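Read off the chains here:
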Amino acid sequence: MPNPIPAQRTTRKPTGKPPWPFVILAGKEKSGKTWLLAEFTGASYLGRKFWFELGEDGEADRYGALPEADFEIVEHNGSYRDLLDGLRWAVAQPRETGKPNLIIFDSATILWDLLTDEQQALSNRRAKFRASKGRGQFDPDKAYTITSEQWNAAKKRWKDVIDLFKRHDGPVVATTRFEKVMVVDDGGNPTKDTQWKVKAEKNLPYEGDVIVEMPEFRMAYITGARSVPPIPDMKPGEHKHIPDFTLDGLMRLLNVVGEGQTQPRAIVRPNAAAYLDEYDEEMRRAAEAEEARESFENAEPRPAAPANRHLPDAAIVGQEINAAYGWNGAPDEKRQKLKEVANRYGRSILDLTPYTSPQGAQMTASEAVDKLLAIVAALEAEATKPADAQPEEPTPAESEPAEWPEVAKPPTDPHPAKVAEDARQERYAANSPKEKQLALLVAELDFQAEVFKETRDTWLMELLAQERKESPRDIPLEALKTYIREKRALVIDALRDAGRATVADRYAGEGTKAPINVAAMLRDAEEEGAHEPQAQAANAG
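Residues numbered from 1 in each chain as written. Predicted model: local features only at pLDDT ≥ 70, side-chain atom pairs only at ≥ 80, totals over all residues. Heavy atoms only, no water.

**Observations regarding the nonpolar core**
To keep it simple, the criterion reads: Think of a nonpolar core as a cluster: buried Ala, Val, Leu, Ile, Met, Phe, Trp, Tyr and Cys residues, connected wherever their side-chain atoms sit within 4.5 Å. Three exposure classes are used, based on accessible area relative to the maximum for each residue type with a 1.4 Å probe and protein chains only: buried under 20%, partly exposed in between, and exposed over 50%. The secondary structure listing takes helices from DSSP runs of H or I that are at least 4 residues long and strands from runs of E that are at least 2 residues long, numbered from the N terminus. Note on definitions: a residue-residue contact is assigned when non-hydrogen atoms from the two residues lie within 4.5 Å.
Counting residues in each nonpolar core, the largest one holds 33 residues, and the members touching the most others are F52, L111, W158, F165 and L204. Those elements that place two or more of their residues in this core are strand 1 (22–27), strand 2 (49–53), helix 3 (80–92), strand 4 (102–106), helix 4 (108–132), helix 5 (148–167) and strand 5 (172–184). Apart from residues no more than four positions distant in its own chain, F165 is found in contact with F22, L87, F105, V172 and A174. Residues A38, W51, L102 and F245 belong to the second largest nonpolar core, which totals 32 residues.

**Some thoughts on the packing of helix 17 (residues 477–497) against helix 18 (residues 501–508)**
Put simply, the rule is: Helix axes use the C-alpha atoms of the stretch in contact, all axes being lines fitted to C-alpha atoms, and the angles between their N-to-C directions lie in the range 0 to 180 degrees. In this scheme, roughly parallel covers angles under 35 degrees and roughly antiparallel covers those over 145, while 65 to 115 is roughly perpendicular and the rest are oblique. Two helices cross in a left-handed way if the nearer one is turned anticlockwise from the farther one by less than a right angle. They cross in a right-handed way if the turn is clockwise. Each residue receives one of three labels: charged for Asp, Glu, Lys and Arg, nonpolar for Ala, Val, Leu, Ile, Met, Phe, Trp, Tyr, Cys and Pro, and polar for the others, Gly being one of them.
Here helix 17 crosses helix 18 at 160°, and the two axes come no closer than 7 Å. With respect to each other, helix 17 and helix 18 are oriented roughly antiparallel. For the crossing formed where helix 17 meets helix 18, the hand is left-handed. Each of R488, V491, I492, L495 and R496 in helix 17 lies in contact with helix 18, whose residues at this interface are A501, V503, A504, D505, Y507 and A508. Of the residues contributing to the contact of helix 17 with helix 18, the split by class is eight nonpolar, no polar and three charged.

**Details of the packing of helix 9 (residues 314–325) against helix 10 (residues 331–345)**
For any two helices packed against each other, one specifies the inter-axial angle together with the distance between the axes. For the pair helix 9 and helix 10, the least separation of the axes is 7 Å and the interaxial angle reads 155°. When the interaxial angle is binned, helix 9 and helix 10 end up roughly antiparallel. Only K334, K337, L338, V341, R344 and Y345 of helix 10 make contact with helix 9, whose side of the interface consists of I316, V317, E320, I321, A324 and Y325.

**Re the pattern of salt bridges**
We count it as follows: The term salt bridge refers to a pairing of a side-chain nitrogen on Lys or Arg with a carboxyl oxygen on Asp or Glu at a separation within 4 Å.
Applying the stated criterion across every chain yields a total of 19 salt bridges. Two residues, E59 and R62, come together in a salt bridge whose shortest N-O distance is 3.0 Å. Of this pair, E59 and R62 are both found in helix 2 (residues 59–63), three residues apart, which corresponds to roughly one turn of the helix. According to the relative accessible area criterion, E59 is buried, its value standing at 17%. With a closest N to O distance of 3.3 Å, D169 and R95 form a salt bridge. Of this pair, D169 sits in the loop between helix 5 and strand 5 while R95 sits in the loop between helix 3 and strand 4, and the two are 74 residues apart along the sequence. For R95, a relative accessible area of 36% puts it in the partly exposed group.

**Side note on the side chain of S227**
Just so we agree on the cut-off: In protein, a polar contact requires one atom able to donate a hydrogen and another able to accept it; more generally it is a pair of N or O atoms within 3.5 Å, and residues adjacent in sequence count only if both atoms are side-chain atoms.
In this structure, S227 sits in the loop between strand 8 (219–225) and strand 9 (240–241). Judged by its relative accessible area of 19%, S227 falls in the buried class. Side-chain polar atoms of S227 contact the backbone oxygen of P229, separated by 2.7 Å.

**Considerations on the environment of N203**
In this structure, N203 sits in the loop between strand 6 (190–199) and helix 6 (204–207). For N203, a relative accessible area of 32% gives the class partly exposed. Taking the C-alpha atoms as reference, N203 lies 9.8 Å from K155; in sequence the two are 48 residues apart.

**Topic: the confidence of the model for the protein chain**
Applicable threshold: Note: pLDDT gives the predictor's confidence per residue, expressed from 0 to 100.
Chain-level statistics for the protein chain give a pLDDT mean of 81 and a share of 84% at 70 or above. Between residues 423–430, whose pLDDT stays under 50, and residues either more than four places distant or in other chains, the model counts eight contacts. Throughout residues 531–541 the model reports pLDDT below 50, and contacts reaching past four residues in sequence, or to other chains, amount to one contact.

**Here's the deal with the pairing of strand 1**
Cut-off, in case you're wondering: A pair of strands is treated as paired once DSSP finds two or more bridges between them.
In terms of burial, strand 1 is largely enclosed, as six of its six residues are buried. Residues F22, I24 and A26 line one face of strand 1 and the alternating positions V23, L25 and G27 line the opposite face, and both faces are buried. The pairing of strand 1 with strand 5 spans six bridges and is classified as parallel. Bridge pairing in strand 5 links V23 to V173.

**Let's talk about the pairing of strand 2**
Counting buried residues in strand 2 gives five out of five residues, a clear majority hidden from the surface. Burial along strand 2 is two-sided: the residues K49, W51 and E53 and F50 and F52 are all buried. Two strands pair when backbone bridges link them, and strand 2 and strand 4 are joined in this way by five bridges, in the parallel orientation. Paired with E53 across the strands is D106, a residue of strand 4. In the sheet, strand 2 pairs with strand 3 (residues 72–73) via two bridges, with the strands oriented parallel. The residue bridging F50 from the neighbouring strand is E72, located in strand 3.

**Comments concerning the packing of aromatic side chains**
So the rule is basically this: The criterion for an aromatic pair is that two Phe, Tyr or Trp rings (for Trp, the six-membered ring) have centres within 6.5 Å, with stacked assigned to planes under 30 degrees apart, edge-to-face to planes over 60 apart and tilted to the rest. Placement of a positive charge over a ring is assigned whenever Lys NZ or Arg CZ falls within 6 Å of the ring centre and within 35 degrees of the normal to the ring plane.
This model, assessed by the stated rule, comprises 14 aromatic pairs. Summarising the aromatic geometry, the rings of F452 and W459 are spaced 5.1 Å apart at their centres and angled 20° between planes, so their arrangement reads as stacked. For the pair formed by F452 and W459, the shared burial category is buried. The ring of Y325 has K334 lying over it, and the distance from NZ or CZ to the ring centre is 5.6 Å. One residue, K487, lies across the ring of W459, its end atom 5.7 Å from the ring centre.

This is the structure in structure tokens:
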């Protein structure tokens, strides 16, 4: 069978324009980094200049005394969350008078130290918790091992900051400390050689557009740059010394100063989460195919069905359409509910399915969905209209048909259609493969939390914070599975410490499967435990 022809794709020609650069300014102590930053804020082609200072002892205030300095210090409380929110705010600020805004971040080294310290504090707290349960001693002066899972969490938080730098449509300059470190060989053994190194998360040099290193006071070298045309007289791999270096001079060297010289950075991020949606859809289809096969194999012979046997029950379809339109929520929620009904049955089926409105008007289900979508579109347009806008005469397409119920003021009590929709949603959701998996995973999370006498929310605190979610239902299934697997060893140890060896053995016997049926596992363990005293007595006899 030939492969299907792929859908038409859009293409475009390259513009040849660079984005405003993300500059990494790495220098040893007292090399003049901060002076260069303050000096740069006086550039006439820049709009607002936002200065973020982290762990640098108020240097921004000190260098604000320079005659050319012109910047705003963005205040924050030193936490990662508040710092990230401040960066989001700065990136979102519009240009004033058309000039690009500047973001200065001093220093990225301290940010990576902060993210490392966060994970160290978490490791120490975990060790203290294990000690409180009788599993080892806790040494408050010891730095406990940071797991690979924690390092991944720190790198994700770091990446969120870097992504903001790259999203900003203006120059960004981030400082780092520059230090001389000992070179290690391929076997990890230290040698006598040393080298200068950017002190931050190891992938930072790959993220920047330009790397400027300052190993001595006012001695600046460009060690890497994305530039077309290339920086004059700079050879690949060369450390290009720039006499009398300034950041303003660097911008002009990169040919980004001037109206129309740059464009916003175009980034297409890898979307691994999309695979989960594909996987869930494949699982749903496989389950439906299996259900259809079993239904066909177990079906009893029946008399010939009428010609329209493939059509759904019109009354049920009508209830679902009414429930979608009567949904007690915002217009966009109503629109989504109506589209879900249309997608579930398909237009060809709805075209053949009769529908009767609550006032008795006759039409097809397809026509009913289209009319209701037009009403919802008008409601959405009305909701987004400015408060001072003059009322307009509604067009026939926008006006609500007289035979339809009013929805501007939803009833206080649940709409009958909404009750029917809730019941249908519960019936459908409970049978979907994804919901079945989630139910088993949540049951295992509750079991793990119960072993440590914690609530589910407390037990899930780390994952909820990492995923920025409020409920396990909002967390991707694969993330829940990984979290559960990582916690099993702790739970098994706690079960054995509590004298529940049979349950611990049964739990350990599940291996790395996820999800598992915790209720069945506990039932089997209890049955095995009930026979243990008899077996021991028989052996003693």
